[in-house]
Structure formats: structure tokens, C-alpha cells
Amino acid sequence: MALNLRELQEQALRELADISDNEGLETWRVRYLGRKGALTQVLRSLASLPLEERKALGAEANEAKVVLLQGHVSASGRLRGNLTVLSKEAFDITLPGRPFPLGRLHPITQVIREVCAIFSSLGFQVVEGPEVEWDYYNFEALNIPPEHPARDMFSTFWIDFAGEKGRRMLLRTHTSPMQIRVMEKTAPPVRVVVPGKVFRYEATDATHEAMFHQVEGLAVDRGITMADLKGTLFEFVRLLFGEDRKARFRCTYFPFVEPGVDMAIDCFLCKGQGCRVCGNSGWLEVLGAGMVHPEVLDRVGYDSGVYSGFAFGMGVERLAMLRWGIEDIRLFFQNDIRFLRQF
Ligand code: 2U9
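I will try to describe carefully the structure that is included in this document.

1. Some words on the sheet that holds strand 4 (residues 168-171)
Strand pairs in the sheet, formed through backbone hydrogen bonds, run parallel or antiparallel to each other.
Now for step 1: Read from one edge of the open sheet, three strands run 2-4-3, paired in antiparallel fashion. Strands with a single pairing partner mark the edges of an open sheet, and in this sheet they are strand 2 (132-134) and strand 3 (158-162). Averaged over all adjacent pairs, the angle separating strand axes in this sheet is 30 degrees, with direction ignored.
Now for step 2: With two bridges joining them, strand 3 and strand 4 adopt antiparallel strand pairing. Bridge pairing links A162 to R168 in strand 4.

Quick look at the structure:
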């Protein structure tokens, strides 16, 4: 009987392995596990055996029953799997996952963050202001009254709206209006940098865009001198462009500073020898700066006899173009993924 049981179990498992549909599986179940099935018959026949034999064979027969039941469960799972693969909603969990496209920051955002992080480390606060401004904050408070010739340097887009006393709004031409707002609300000392979009009404070419980004900065306190300006900005360019940078200041004019300077660094690509990027001069102009005009301080209520300050401004696109050797500013705003994924 023991031999028969083992044979029965092996035969049943062999048959089970060949079954390929539910109908075949049900026939198999009835044949071996059904009420009149082969294994059920064996179990029934145990009743007529002597006790010892019944115990031994009973245990074996029950084990065989468990094996066949497990076989049935896994075969039915196998058949369900077959059906799923064949069905339209097939979902193959063994397929590799779809790659998740990793985004990155726009190169201009990267440079803005780096510049702001450097000034933060030097004790400046980062603040942002409105892109649509009053004529007063963009021009008048900065020493550029109506009809002043300096307005030609900052031709802008006017908003078709006039407020009280005909004062007009415009798209800001620099982030400087925000420094005025900060000084109006804060007693000195002040140390802020203002990143953001600015607008100029001018034709677009490889080095000009109607919208670009600036980071401007302002420090006002008792006893601030040109030496503070030079030390701060020199440290800034060395942190951004490399430790061994040399710096050059040349006089220039901005209505809101006196004196005003253009700051250049020795070309970090050719080390001052002269190359395509620095136009063979060995120098790269990186920012403008100056001592805040006393009129500007007085207008916000700071006593220019007590307080002095320095201010600076830089075009972020220009910094990015220098850093990566990019020749056309328009590339930054065309949203061409082939360009953007390089940074
Ligand atoms: C206040 C007082 C003074 C900000 C300054 C410059 C010099 C400057 C240019 C750099 C390249 C503009 O983006 S750019 O075209 N800016 O050279 N900006 S001083 O001076 C201020 C600002 C605010 C209250």
C-alpha cells in the first residue's frame, strides 16, 4: 500500500505538470482529490486496517494529500499567470522600471544661487522685489529725474497705467528700486543683495536681450569707504572665478554712484595672455560698482554726513557666458533641451 501511495503521488504530480488549462486541472482534481478520487479511496480504505498499520499509512496518505493540494494551488496560479500574459492588460513585473528623467536647475538659476551664496557668506541678506515698478523707484530715487539724459541708458517698457499725479509704472531696468525700498524701511546698517529679472527696451542680438537677470548689492554703514567696496568685490570674484584672480578698476559713470567703476578680472581662461573670450585684451569686465551717491542716501532719509555706502551690479547672463564660454545670450531663453542639459 505504501508503494502504491508513493506511485500514486508521483503519477499525479507528473500529470499535473502537463496540464495547460483549467478544464484539465479540474479533471485532475476530481481524479485524485474528488469524493471518488484515487487518494480519497485510499484514505477511506484505511478504516479496515489494523490500528498500527492504519496510523502509519494514515500519516503517509495525509502527507500525500497535502502535497497534491499544494500542487493544485500552484498549478492554478501558473494557469492564471498564463492567462494574464495573454490578456491585453498584461503587466510584467519583471520589466525594468521606466527611467525617471532627472531635472536640473537652469544655468542662470545656478549662477544666481552661487552669487547669492557667496554674498550671504560675506554677511549680505538676499531680498527680492517687484518687477513692475514706479518711475520714482526705478529712476527718480536713483538720481535720474525725468528728462535726465541717463534715462537713455535705461530705455524700458512702460505700463499703460498712471497713478497719482500721473506717475507711471514700468518694467524695472535694474533691481536697484528694491534697494531704495529696503532703505526706506530699514535703519542703517544695511547689507543686501537683490537678484532678479530686469528689462530693457532694445534690439536683441548675441549679447543683448530685452529681459535678463541681475544681482545687485548695497552696503551702507558709518565709515564705509572705497576700500570696503574693493575688498568685498575682490573676495567675491576670487570665490566665483578662482583664487589667483587679479582685478582692475576703471572709472565710469552711473547717476546713482559717485565715483563709479567698471571692474574687470584677468581672464581665467588664458591667464591674461589674451584669447577669444577676453577679446585678446587679457581682461574680462564682470561688474559695475561705486560709492552710493549722497543724494540717493539723503532722499531715503539717511544722513549722508554720517553714513556712506557702496553698491554694485552684475549681469548674470554675462557671468554665465564667461564661465561656460557661451557666445549667444539668446540660447538661455530658447528652451532647447540639448543646450540646457549641458549644465
Ligand atoms: C542703489 C544705489 C546704487 C547699483 C550699481 C552698477 C554699478 C552697474 C550694471 C552691471 C551690468 C548693470 O547688468 S548690468 O548691465 N550695473 O554697473 N550697478 S552700481 O548701484 C546702486 C543700486 C542701488 C540704491
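2. Here we look at the environment of N4
Now for step 1: Locating N4 in the fold gives a position in helix 1 (residues 2-18).
Now for step 2: Along the backbone, N4 and V42 are 38 residues apart, and their C-alpha atoms lie at a distance of 9.4 Å.

3. Quick notes on the site of the ligand
Now for step 1: Not every one of the 19 residues close to the ligand is listed here, only the nearest: Q214, F254, G288, A311 and G313.
Now for step 2: A distance of 2.9 Å separates an oxygen atom of the ligand from a polar side-chain atom of Q214.
Now for step 3: One of the backbone N or O atoms of G313 is found 3.5 Å from a nitrogen atom in the ligand.
Now for step 4: Alone, the ligand offers 560 Å² of accessible surface; in the complex the protein occludes 88% of this.
Now for step 5: Secondary structure elements with two or more residues in the shell around the ligand: helix 7 (176-185), strand 6 (211-222), strand 9 (283-292) and strand 10 (307-315).
Now for step 6: By residue number, the principal contributor to the shell around the ligand is strand 10, which donates five residues.
Now for step 7: Looking at the shell around the ligand, its residues break down into twelve nonpolar, six polar and one charged.

4. Topic: the side chain of E133
Now for step 1: Its location among the elements puts E133 in strand 2.
Now for step 2: Residue E133 is classed as buried on the basis of its relative accessible area of 0%.
Now for step 3: Engagement of the side chain of E133 in a polar contact is seen with the side chain of R181, the distance being 2.8 Å.
Now for step 4: Apart from the residues within four sequence positions on either side, E133 is in contact with R168, M169, L170, R172, P177 and R181.

5. A word on the packing of helix 5 (residues 107-121) against helix 8 (residues 226-241)
Now for step 1: Remark: helix 5 packs on helix 8, axes separated minimally by 10 Å, with the N-to-C direction vectors making an angle of 135 degrees. As far as their axial angle goes, helix 8 and helix 5 are oblique. Here the hand of the crossing between helix 5 and helix 8 comes out right-handed. Contacts between helix 5 and helix 8 involve E114, V115, I118 and F119 on the former and, on the latter, T232, L233, F236, L239 and L240.
Now for step 2: Per-class residue counts for the contact of helix 5 with helix 8 are seven nonpolar, one polar and one charged.

Calculation notes
Residues numbered from 1 in each chain as written. Predicted model: local features only at pLDDT ≥ 70, side-chain atom pairs only at ≥ 80, totals over all residues. Heavy atoms only, no water. Pairing = 2+ DSSP bridges. Helix = DSSP H or I, 4+ residues; strand = E, 2+ residues; numbered from the N terminus. Axes fitted to C-alpha atoms, helices over the stretch in contact; angles between N-to-C directions. Near = heavy atom within 4 Å. Polar contact = N/O pair within 3.5 Å; in protein donor to acceptor, adjacent residues only side chain to side chain. Areas by Shrake-Rupley, 256 points an atom, 1.4 Å probe, with all protein chains shown as cover. Nonpolar A, V, L, I, M, F, W, Y, C, P; charged D, E, K, R; others polar. Buried < 20%, exposed > 50% of the residue type's maximum accessible area, 1.4 Å probe, protein only. Contact = heavy atoms within 4.5 Å. Parallel < 35°, antiparallel > 145°, perpendicular 65-115°, else oblique. Left-handed = near helix turned anticlockwise from the far one by under 90°.

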